[in-house]
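# Coordinate inspection notes
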Amino acid sequence: MKYDTIIIGGGLSGLVSGICCQKSGRKTAIISAGQSALHFWSGSFELLCRKGDREVIDRPLSLVDSLSGQHPYRKLGAERTAALLSRVAPLLAEAGINVAGSLERNHYRLTPLGFLKPAWLTLDDYFMLSDPEELKGKRYAIVNILSYLDFYPRFQAYGLGEHGARTVTADVNIPELDILRKSTTEMRATNISRFLTDAAVDRLAKAVNDASKGTDAVIMPAVLGMFSDGPVRRLRSQVERPVYFVATTPASVPGVRCQLALRDYFIRLGGTFMPGDTVVKGERERHRLRRVFTTNFGDMPLEADSFVISTGSFFGHGLVATLESIHEPALGLDLYAPEGREKWYDKDFYAAQPYMGYGVTTDAGFRPAIKGETIENLYATGALLAGFNALKEGSGAGITLATALHAADKITSAL
Amino acid sequence: MMTLQQQNISDNNFESCIKCTICTVYCPVTAVNPDYPGPKQAGPDGERYRLKKPVFYDEALKYCLNCKRCEVACPNNVKIGDIIQSARIKYAKGKPSLRDTMLANTDFMGNMATRMAPLVNFTLGLRPVKYLLDRTMKIDDRRTFPRYASQRFESWFGRHAAASQDSYPHTVSYFHGCYVNYNYPQLGKDLVKVLNALGVGVHLLDGEKCCGVAKIANRCVDEATRDAHTNMKAIREATARGDETVATSSTCCFTLRDEYPHVLRVDNHDVRDHIMLATRLIYRLIDEGKAKVAFRPDYRKRVAYHVPCHMEKLGWTIYSTSLLKMIPGLEFIPLDSHCCGIAGTYGFKKEYYDYSQAIGEPLFRQIRESGCDFVACDCETCKWQIEMSTGVPVENPVSVLAAALDIAKTRELNGVAAIPAVE
Amino acid sequence: MKNVNARKEYDVIVIGGGATGAGTARDCAMRGLSTILIERLDFTAGASGRNHGLLHSGARYAHTDPESAAECIRENIILKRVARHCVEETRGLFVTLPEDGLDYQNAFVDDCRRAGIDAELLEPAEAIRLEPAVNPDIIGAVKVPDGSIDPFRLVTANVLAAQLNGADVLTYHEVTGFVKDGTRICGVELKSRRNGERSTVYGKVVINACGIWGHHVAELAGVKIAMYPAKGSLLIFGHRVNHMVLNRCRKPGDADILVPGDTISVIGTTSTRIPFDEIDRMEVTTGEVDLLLREGVKLSPMLAWTRVLRAYAGVRPLVASDHDPSGRSISRGIVCLDHETRDGLSGFITITGGKLMTYRLMAQDATDMACRKLGVDRPCRTAEVPLPGSEPDARDEERKAHIIELSTEMKAAEGRHGSWTGKIAAGNDADDALVCECEQVSVAECNYAIEELHVNNLINLRRRTRLGMGTCQGELCACRGAGILERHHKCTKRALDDLASFMAERWHGMYPVCWGETLVEAQFTSWLYQGVCGLEKEPPRHEEEMNS
């Protein structure tokens, strides 16, 4: 089976590369081994939120030059990074995902524990602030679904209260959810969202109105609109006050929605999405990757002119750690990851964990190597890359998106 | 230390679960049935407790459809569906009921029914009979039964096709399954027609038994295992004579390849790669230039393709859809990959019928709205469900090819025109 | 839970909330003494909660220490009766590997029988049939009445029993000094670990039951006990690999016992002397992990591909024999010191040495001594009266017959709380929801633990219920648990700080085994808690310990 471009990894990075390749007319396939880290998305993308111990708000890209030479942003340069990232919001909108935010200034998002954290882009119906000062004197109703355990309104209330907001908290119920509550485990955000359609939304809206009397706005866990924004619009049209959502712990409703929207857009563009398959080896011809073998396709490898690998970090099994060492399992790419597992971690859970910075090493054009030989038609993107601690910097999504777009540009301009 | 902790394999696969809950998002049952604990709880979480004490087995595991969509979704490659099915086999109390045994023994029932097919078809269509089956056996009376054929595929093949097959330059062995043999021999005939036209002769396996998927689902494991050994012996013989083994049913194919080792513990590693879906073989012949195709210029159809769950798990959708897309007069409409709800014998059971239909409803809606002439799909039970629930006919991609190919011209292109074609 | 009366003079003050202290408080209270139990952290925070959880048959000591062996088997039989909800009668095997040779086994069976231990020689094939997880290369096997015992449940039950008999209980209070009247101890000075408040509690007799920490407590009282901390490291595997306790049939050594405990299996231990300044922050080293794995695989090859959930270490108090000032000769068995006769300090008793298995006997010795001092003559009944949760229950048979119909979380709770499970207010949909899905802990069980079982924070809740002890080590449930705790104590800041501490504590046991899926889990957990949720640092630590 022959494609113009094969993308290994079907998460945010792979999908964005795939959409761009397919849009430029290249026959593109995405091989996806299980669902991606987008499933625990907070509803916000981060570009660069912290430098050392300091939170970054204004002009995050101005810090690019101070990053280490191996950092993906540094490799791209501030200007190129800005150019690439400015394409993200329009691209998401094409897929049906509407986000707000700017490259010039980070805003604040509200976390499931009620903290305010910097962010670059946030879903337009999710809670965001340009300045915590705005909270002073504001009155919020924080409304949860009765006995939904992955969202605890008093955490939000405390967090907002620290910044001068006044809050009321309430649990609401609608009879449509009683059936779901009978399960001891399945009262999850994504399952709740299946029940919140049509008349159930109307009833929920009424309950929310009753619970939020006398407040300026409503904050709710993101428990509706997994497959479309219809239920969200329906709710917002009936609630008398603005409603803002906050993502919950997994699986995240906006995460699933974003994943499915991007995947569907890729398929609508004519791309081939292969779910549940794993690349087990690659075959090279000189300095080029010619074809890849997968678990499902067995002895019928998939061929392409160019490849992108975006299999993620340890979570996506882009990196695998054994007792002794860390390797990249699909193609055996060269890595930055020292041997000796004492080096991999810091004993302080909250310190920068060395393992977070491990990944595939590349040349300046994001082309990885195997045993020192650069693969000319392969690009590595996203969390698989070495050279940054996405968690400590708050840079994961920005790097993922920038490198994914960059790889697609390289591939499509090489035509 | 090199051998230590390299991977969590085989029986410990459930430990790869990192509790991300992604599987629960894609479980079709969780969405409609709160009594089902969900794949995470029923699978890896429950397994840990069952290993502690079997008393932790939860009978609600019976609600699992075995669609394996949880496995496709799992980022950690946990064999969630296998864990659940294995637990049902190991721990479920009591013997399968008469109804379950009957539904499970598709081959025995088919064998009996084909002998007096017109009568059986007539009888099973009667309201009083359905009422009786519903009340006595808990087979839902709203369910339409697949019709039985009066001539089995095997009989037809022996009489009309077998003699000429070795004249073709290549041969394969065909695992036809119960459905083709007893209910719908036309699909088997279509396969013979298409493969012959591509220059490939067709053998039957020696003493083929039911793949066992229905027996596994209904916990008739001893019979399933016995049949599996028979099938593996036949497939090994076929492989030894150089035949690939092909199936037209995605579920039979999946069972032979994956359920045998994972659920029945019947080893097949030596021949697993030689068992494949017919569309994979056909695609490969065309893709590698080993066979040529000519399509009828007058073929014009709007076709919606449905991805059966086990097709999704096999990961071979691309072969069937690529073949369909090759047909010049065919307008291809992809349907969302969504379980149709029947899951083999599951949807026949009175206690599951409503869940079954609720699971399939989004798919039915999409099909009704698609305006297609028919649905193409590689699974026979999906066919029953979709036809019954939407009124839209369903065809296997192999049958679509048989109708769309200019057979005479294709035979010529592949240099087999001289061999007498099977009628 | 303010069950302390500062003005009152207690008959007995027991210091130390481990098995020995809780058992002693129970025994004292049952003999009618007015008693208070004081613990500087949480129950089971020391060595009691950091061992194999092995219900020894005594066979381990049959050859080297027949007296201990006989003690063990007696206590084994008693605990199976009085603490049955904490015990699982798994039985055990002593297996001989080819590298060990059969010499040890030959004498072993006779040694066991002499100590009163029912040891049965098995053909290796029979042993493999009984325990399929055992190394198939074994050349010999002996079946013994080993079992597993859950120290968390055991200590909780002893505390409950003490309270039922009128004892007061004070956790998170550290003894900072003693109140003396000449050469008589008449009380203890306390500092709250939660808010730093100081207080004094008066009593006629003070019992030091602090394990290795008893060394320091004795110093505070002005007496010297030569104790040496010996660290023992263990690994927890992700599920129950073996169903019988597996022991190497050889001279006791490193990593030679694999115990099935609740949902997991534990291999251990190593043994290293460590300095006192490490006892509150023990680390499991890479070398220890490698050794435990290497040796563990010899007992059960399946361990080679079983996920390691975490590593932890406990510290044994080795007590130098009073007759050997050099400290080289270590006392075997129980050490019960009357400091009046030993050091001229009256009203002070130290109970130490021993092992989890003999905690009840140790408590009996200490209580006997306290009774003598107080002039009380009442018999010990701790060997006859069942612990709370282990009482015979009229509904026992009925419950057994219907356990299959119970929900999974109630079956799990039944295992944890025994006949007291009925106190869990289950049965409404909202409260039946699971907080911890790995360990099947419901909202109702959390509520019960928080209200009845001295729970101040998530770590306490974990010990009472197993919340966060499962495969994901708190990833899924910690947030939920923090919310539920907040609902009870109504302090959001405290709940968030507690959550941050809890995640740090979970990591402390994970990093020594951080490869494979455990590393994937750790990364996932970090993304979730630090990334999505924005939990960024650990609060200053006042309350909780951080031992592995």
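Residues numbered from 1 in each chain as written. Chains lettered and ligands numbered in written order. Predicted model: local features only at pLDDT ≥ 70, side-chain atom pairs only at ≥ 80, totals over all residues.

## So, the packing of helix α1 (residues 19–30) of chain C against helix α5 (residues 151–164) of chain C
Residues and elements named next belong to chain C. Put simply, the rule reads: In this analysis an axis means a line fitted to C-alpha atoms, helices contributing only their contacting stretch, and an angle means the value between N-to-C directions, from 0 to 180 degrees. Helix numbers and strand numbers start at the N terminus; a helix is a DSSP run of H or I with at least 4 residues, a strand a run of E with at least 2. Comment on the angle field: the value is read as roughly parallel under 35 degrees, roughly antiparallel over 145, roughly perpendicular from 65 to 115, and oblique elsewhere. For a crossing to be left-handed, the near helix must be turned anticlockwise from the far one by less than a right angle; the clockwise case is right-handed. In this description, any two residues whose backbone-derived C-beta atoms lie within 7 Å of each other are considered to be in contact. When residues are sorted by character, Ala, Val, Leu, Ile, Met, Phe, Trp, Tyr, Cys and Pro go into the nonpolar class, Asp, Glu, Lys and Arg into the charged class, and all the rest, Gly among them, into the polar class.
Where α1 meets α5, the closest approach of the two axes is 8 Å, and the angle between their N-to-C directions is 25 degrees. On the basis of the axis angle, α1 is roughly parallel to α5. α5 is crossed by α1, and the crossing has left-handed handedness. Across the interface between the two elements, A19, A22, G23, A25, R26 and A29 of α1 pack against P151, L154, V155, N158, V159, A161 and A162 of α5. Tallied by class, residues from the contact of α1 with α5 come to ten nonpolar, two polar and one charged.

## Some thoughts on the packing of helix α2 (residues 39–52) of chain B against helix α4 (residues 80–91) of chain B
Residues and elements named next belong to chain B. Contact geometry of α2 with α4 gives a least axis separation of 9 Å together with a crossing angle of 55 degrees. In terms of their interaxial angle, α2 and α4 are classed as oblique. In this structure, α2 crosses over α4, and the sense of that crossing is left-handed. Along its contact with α2, which presents P39, A42, G43, P44, G46, E47 and R50, the element α4 presents I80, I83, I84, A87 and Y91. Classifying every residue of the contact of α2 with α4 gives eight nonpolar, two polar and two charged.

## Focus: the domain arrangement of chain C
All names here are of chain C. Put simply, the rule reads: Domain delimitation in this document rests on an assignment produced automatically or drawn from a domain database.
For chain C, the domain assignment lists domain 1 (9–47 + 152–226 + 322–374), domain 2 (87–147 + 229–319) and domain 3 (396–532). Domain 2 and domain 3 are separated by 28 Å when their C-alpha centres are compared. Counting residues at the interface gives twelve residues for domain 2 and twelve residues for domain 3. If one sorts the elements of the side of domain 2 that touches domain 3 by residue count, strand β18 (residues 308–319) sits on top with five residues.

## Quick word on the interface of chain C and chain B
Contacts between the two partners involve 31 residues from chain C, matched on the other side by 23 residues from chain B. Residue assignment for the side of chain C that touches chain B shows that the elements contributing at least two residues are α7 (286–299), α11 (408–417) and α17 (516–532) of chain C. Residue composition of the side of chain C that touches chain B, grouped by class: 13 nonpolar, eight polar and ten charged.

## As for the interface of chain C and chain A
Residue-level contacts link 41 residues of chain C with 38 residues of chain A. Secondary structure elements with two or more residues in the side of chain C that touches chain A: α12 (429–432), β21 (434–436), α15 (478–489), α16 (492–510) and α17 of chain C. With eleven residues, α17 of chain C is the single largest residue contributor to the side of chain C that touches chain A. Of the residues that constitute the side of chain C that touches chain A, the class distribution is 20 nonpolar, eleven polar and ten charged.

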